[in-house]
Amino acid sequence: MSNWKTLLLRIGEKGPEYGTSSDFKDHIETCFGVIRREIERSGDQVSPYLLQCAEQLPHKIPLYGTLIGLLNLENEDFVRKIVESVQANFQVALDSGNCNNIRILLRFMTSLLCSKVIQPASLIVVFETLLSSAATTVDEEKGNPSWQAQADFYVICILSSLPWGGAELAEQVPDEIERVLVGIQAYLSIRKHSSSSGLNFFLKGESENSPSEKDFVEDLWDRTQSLASNGWKLDSVPRPHLSFEAQLVAGKFHELRPIKCMEPPSPPSDLSRENIGKQKHDALMRYPQRIRRLNIFPANKTEDVQPIDRFVVEEYLLDVLLYLNGCRKECASYMANLPVPFRYEYLMAETLFSQILLLPQPPFKTLYYTLVIMDLCKALPGAFPAVVAGAVRALFEKISDLDMESRTRLILWFSHHLSNFQFIWPWEEWSYVLDLPKWAPKRVFVQEVLQREVRLSYWDKIKQSIENASALEELLPAKAAPAYRYSLEEGKEKTEEHQLSAELNRKVKEKQSARDMMSWIEEKIYPVHGFEVTLTVVVQTLLEIGSKSFTHMVTVLERYGQVFGKLCPDNDKQVMLLSQVSAYWKNNAQMTAVAMDRMMGYRLVSNQAIVRWVFSPENVDQFHVSDQPWEILGNALNKTYNRISDLRKDISNITKNVLVAEKASANARAELEAAESKLSLVEGEPVLGENPGKMKRLKSTVEKTGEAEVSLRESLEAKEALLNRALSETEALLLLLFQSFSAVLKERLPEPAKARSMEDLKSEDENSSAMEVDSENGNPKKKSEIGEREQWCLSTLGYLTAFTRQYANEIWPHMEKLKLEVFSGEDVHPLFLQAIFSALQIPLQ
């Protein structure tokens, strides 16, 4: 990398590029001297790289802003082009709805104002344009209040830029910035309090979702007011431009051109709850809330930090996670060395966990945050591991209220995290969960973490890791041996089924084809023993042959999958097939899930069969004590929607290729027609058309391009037919899924009059007999514990919300059908609808 690039990239950091100095002023002066000379040689390379650094290392924006301010003193034309590029990029971001670029570029423009590069009045115009658009959007007559998420985002962008330039705006244009703040206050008075109940980490009662609890915009406004009343002084934003104030004041201001905000869609003509919910959902997907605070640590851990400083550090951390996601070690290094004068380990841990658990989905996979936390623990060994452990303990204490999807992510993260640190954890602290009922959330959490650890290691290793709390061995899964019914053990009676299994095994070893094997089954087993015995023998034997490893199992399914497919052509028989798979792998949840997933992948079982199996009585009773049924259901839904996503990508790519082929074909025909219309001499005689050799080549090209176009069109038609079929199957799948949820919940939920909210459901048990006996261990149940039926309802409703929220984009196109057949009727329980509507952002009233 060139020296000037390295200096730009590493400005403000401790490293060899700037010698022993860590002073921002020295860094800026050194970098300025090099960049000033480099502009003369390759100014067209410096400008885009400088902008890229500012956009992708936004915690250094004050340094880059000051550097540009100094360059403005000597090369106004260069800086003018930078300002024009920034504004052009800002307008593109507004037009495309690129939230991160809008936010960062507005912050950058505010920083350039501090360095006397941008005219304050023109920045105020940008603020007021954004504010005007926000106010119009939430106006019920002129705008579309369902898109309040867009309006809120614009206001958040204004407020979030003020820590970087509020003091300069208050000094240079006090009346104008006051006008902006008054406008924001007016906006807050007309917008609706945001209550995204389906996106909360924790199950909250109605009182906690009331307007008295501030939403993110209201909270940020309070922090900004506190900052303004403190004279715009804060510790978290460096102000290096003050060291060069005497020089910068001589710089020439550059004007910002007017901007144009993207208008939200028109409101629906039919203002039904569903239409409003659909638009609100679309707006939240387009302009998601960047962070939802967990608030899991005591206030005294962060009370020394100003409210606005907390917000700024959160911005720094999220920006680093966003822009350095491809280099986790660099990411961890930047996160551990932010330009703030106070400690922020607790805030950093809370921000990371808020991203892991963020609903509806985090910006990145859980694996990324796992690796960053691991690197931070290694980079800050004296502080961060203890903070992470504290966060886990705090979340564990609130696990009964944690959203089910967030809980699943926490289990996956925690088990993976421990696998990177030799599975060391003080399990004795949690050994008391054995005294809780088998359905207690804390006990289930510990059980699921241990089961996931076994998947990442092996049984004996995990048993050894809990030797300080050996009683927890009860929560470990059984050793992962398959439950093979036809093993030839000594003293075990050998039945006719044993002989059939041995014969089938011999045929596999002889590498007989699936067709020959199916003929033998249809002739020798099925007519004599019937379907159930035939299915049991085939499943048990073939799975036993493939039980050594994942590879063995996949090989068996690839070679003999047709046998399963021929035996079980309909959903009823496929459900029986899945039950047999579950029985064989009853001691290994991972192999059960993988086998079923591969079977669906090879189309040996349908997604509807998996849904029916998950909601069969044997699994319904496990909904609150095991994650296995939910894992298998989630895998089936994921595979279904991944197929649809892949088909849509294929159609998009083929459509582009069709356009290219059309153009190539048209050009070839035009070239041929032009050649045919020309007169040329052949043996001295004028002949219509060019020489025969060229004509033959052109005709061949026309044929080939025409065939290519036809082939692509046929491929496109085939993919579109597959997509239409998949969408039709999806509608049937969703109907079955929600009908199944409704049916099992209807059986167990209390009467609507007794439970109209989740809090009512939690208190339902308190109204029952004062002392119940725990069926698991015969001990009296503590009065504070939720009963088994209530916990089953809470868990099932929680997963209903999670699946609805996760697949909302696919559910919305089928809403009319679902509303007609599932969501309406007098017998539909209000809690069932509440779980679905909160996930889809549909108003409950």
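Not measured: the values here are computed from a predicted model. In this convention, every chain numbers its residues from 1, walking through the sequence in written order. The predicted origin of the model limits local features to residues at a pLDDT of at least 70 and limits the giving and counting of side-chain atom pairs to 80 or more, whereas totals for whole chains, interfaces and linings rest on all residues. For side-chain calculations, the full set of non-hydrogen atoms in the structure is used, while hydrogens and water are omitted.

1. Quick notes on the overall build of the protein chain
- Helical segments are the DSSP runs of H or I of at least four residues, strand segments are the runs of E of at least two, and each set is numbered from the N terminus. Counting its secondary structure elements, the protein chain contains 34 helices and 2 strands.
- Its C-alpha atoms give the protein chain principal-axis dimensions of about 110 × 100 × 60 Å.
- We call a residue buried when its accessible area falls under 20% of the maximum for its residue type, exposed when it is over 50%, and partly exposed in between, using a 1.4 Å probe and counting protein chains only. For the protein chain, the proportion of its 845 residues judged to be buried stands at 53%.
- Contacts are assigned to residue pairs with any non-hydrogen atoms lying within 4.5 Å of each other. Contacts in the protein chain between residues at least 24 apart in sequence constitute 76% of all its contacts with a sequence separation of at least 6.
- As displayed, the protein chain has an accessible area near 38500 Å², and 49% of this comes from carbon and sulfur atoms.
- When charges are tallied, Lys and Arg are placed among the positive residues and Asp and Glu among the negative ones, while His and the ends of the chain are skipped. Taken as the charge location is NZ of Lys, CZ of Arg, CG of Asp or CD of Glu. The average position of the 96 basic charges and that of the 116 acidic charges among the side chains of the protein chain differ by 4 Å. Using a 1.4 Å probe, accessible areas were evaluated by the Shrake-Rupley method; residue-level cover was limited to the displayed protein chains.

2. Some remarks on the environment of Q499
- Tracing the backbone shows Q499 in helix α21 (residues 496-509).
- The spacing of Q499 and V537 is 38 residues in sequence and 9.9 Å in space, taken between C-alpha atoms.

3. Here's the deal with helix α19 (residues 441-456)
- Given a rise of 1.5 Å per residue, 16 residues ought to cover 22 Å, and the 22 Å separating the end C-alpha atoms of α19 matches this to within 8%.
- Of all the 16 residues making up α19, 13 are buried; the element is thus mostly covered by neighbouring parts of the structure. A helix is expected to span 1.5 Å for every residue after the first.

4. What about the packing of aromatic side chains?
- Stacked, tilted and edge-to-face are the three classes assigned to paired rings of Phe, Tyr and Trp, where Trp is represented by its six-membered ring and a pair needs centres within 6.5 Å; plane angles under 30 degrees give stacked, over 60 edge-to-face, the rest tilted. A complete count under the given rule lists 36 aromatic pairs for this structure.
- With 6.4 Å between their ring centres and 80 degrees between their planes, W147 and Y287 make a pair best called edge-to-face. Highlighted residues: W147 in the loop between α6 (120-138) and α7 (148-161) and Y287 in the loop between α12 (273-286) and α13 (307-323), separated in sequence by 140 residues.
- Through successive ring pairs, a cluster of aromatic residues spans F353, F396, W413, F414, W425, W427, W430 and F445.
- Whether a charge lies above a ring is judged from NZ of Lys or CZ of Arg, which has to be within 6 Å of the ring centre and within 35 degrees of the ring normal. Across the ring face of Y49, the terminal group of K5 is positioned such that the distance to the ring centre comes to 5.3 Å.
- Sitting over the ring of F202, K398 keeps its end group 4.2 Å from the ring centre.

5. What about the state of the cysteines?
- Cysteine sulfur atoms that come within 2.5 Å of each other are treated as a disulfide pair. Evaluation of the coordinates by the stated rule reveals 0 disulfides.
- As a non-bridged cysteine, C157 has C99 as the owner of its nearest cysteine sulfur, 7.4 Å distant.
- Taking the relative accessible area as the measure of exposure, C157 reaches 1% and is therefore buried.

6. Let's talk about the packing of α7 against helix α10 (residues 216-229)
- Axes, fitted as lines to C-alpha atoms, cover a helix only where it is in contact. Angles between the N-to-C directions of the axes lie from 0 to 180 degrees. At their nearest, the axes of α7 and α10 sit 10 Å apart, and the two run at 20 degrees to each other. The angle between the axes of α7 and α10 places the two elements in the roughly parallel class. Note that α7 runs across α10; the crossing there is left-handed. On α10, the residues that touch D152, V155, I156, L159 and S160 of α7 are F216, V217, L220, W221 and T224. Angles are sorted into four bins: roughly parallel if under 35 degrees, roughly antiparallel if over 145, roughly perpendicular if 65 to 115, and oblique for all others. Here is the rule for handedness: rotate from the far helix to the near one, and if that takes an anticlockwise turn smaller than a right angle the crossing is left-handed, while a clockwise turn gives right-handed.

7. Observations regarding the packing of helix α22 (residues 514-545) against helix α23 (residues 550-567)
- At a closest axis distance of 10 Å, the pairing of α22 and α23 adopts a crossing angle of 150 degrees. As the angle between them shows, α22 and α23 are arranged roughly antiparallel. Like other packed secondary-structure pairs, α22 and α23 cross with a definite hand, here left-handed.
- In this count, Pro and Cys sit with the nonpolar residues alongside Ala, Val, Leu, Ile, Met, Phe, Trp and Tyr, while Asp, Glu, Lys and Arg are called charged and the others, Gly among them, polar. Looking at side-chain class alone, the contact of α22 with α23 contains 16 nonpolar, 3 polar and 3 charged residues.

8. A look at helix α14 (residues 328-336)
- By the burial criterion, the buried members of α14 are C331, A332, Y334, M335 and A336.
- Those residues of α14 that are buried are in contact with α1 (3-9), α13, α15 (345-356) and α16 (366-379).

9. Side note on unusual backbone geometry
- The omega torsion of the bond from L359 to P360 falls at 5 degrees, within 30 degrees of zero and hence cis.
- You can see P360 is positioned in the loop between α15 and α16.
- Phi is positive for K116, close to 60 degrees, though the residue is something other than glycine.
- Assignment of secondary structure puts K116 in the loop between α5 (99-114) and α6.
- By relative accessible area, which is 14% here, K116 ends up buried.
- Backbone geometry at R603 places phi at a positive 60 degrees, although glycine is not the residue there.
- With respect to the helices and strands, R603 occurs in the loop between α25 (589-601) and α26 (607-614).

10. Structural notes on the pattern of salt bridges
- Here, a salt bridge means any side-chain nitrogen of Lys or Arg that lies within 4 Å of a carboxyl oxygen of Asp or Glu. For the structure shown, the criterion picks out 55 salt bridges.
- Close ionic contact of R293 with E314 constitutes a salt bridge, the shortest N to O distance being 2.9 Å. Here R293 is found in the loop between α12 and α13, whereas its partner E314 is found in helix α13, with 21 residues between them in sequence. Here the two residues R293 and E314 agree in accessibility, since each one is buried.
- Where D460 meets K479, a salt bridge forms, and the shortest distance between an N and an O atom there is 3.4 Å. With D460 in helix α20 (residues 459-465) and K479 in the loop between α20 and α21, this pair connects stretches of sequence that are 19 residues apart.
- Since its relative accessible area comes to 42%, D460 is described here as partly exposed.
- Classification of K479 as partly exposed rests on a relative accessible area of 46%.

11. Focus on the side chain of D375
- Examined against the element boundaries, D375 turns out to sit in helix α16.
- The class for D375 is buried, based on a relative accessible area of 7%.
- The contacts of D375, once residues within four sequence positions are left out, are R328, K329 and A332.

12. So, the confidence of the model for the protein chain
- Across the protein chain, pLDDT averages 90, with 94% of residues at or above 70.
- Residue-level confidence of the predictor is what pLDDT reports, using numbers from 0 through 100. Across residues 205-210, where pLDDT falls below 50, the model places 8 contacts with residues more than four positions away in sequence or in other chains.
- For residues 766-784, every residue scores under 50 in pLDDT, and the model assigns this stretch 23 contacts once sequence neighbours within four places are set aside.

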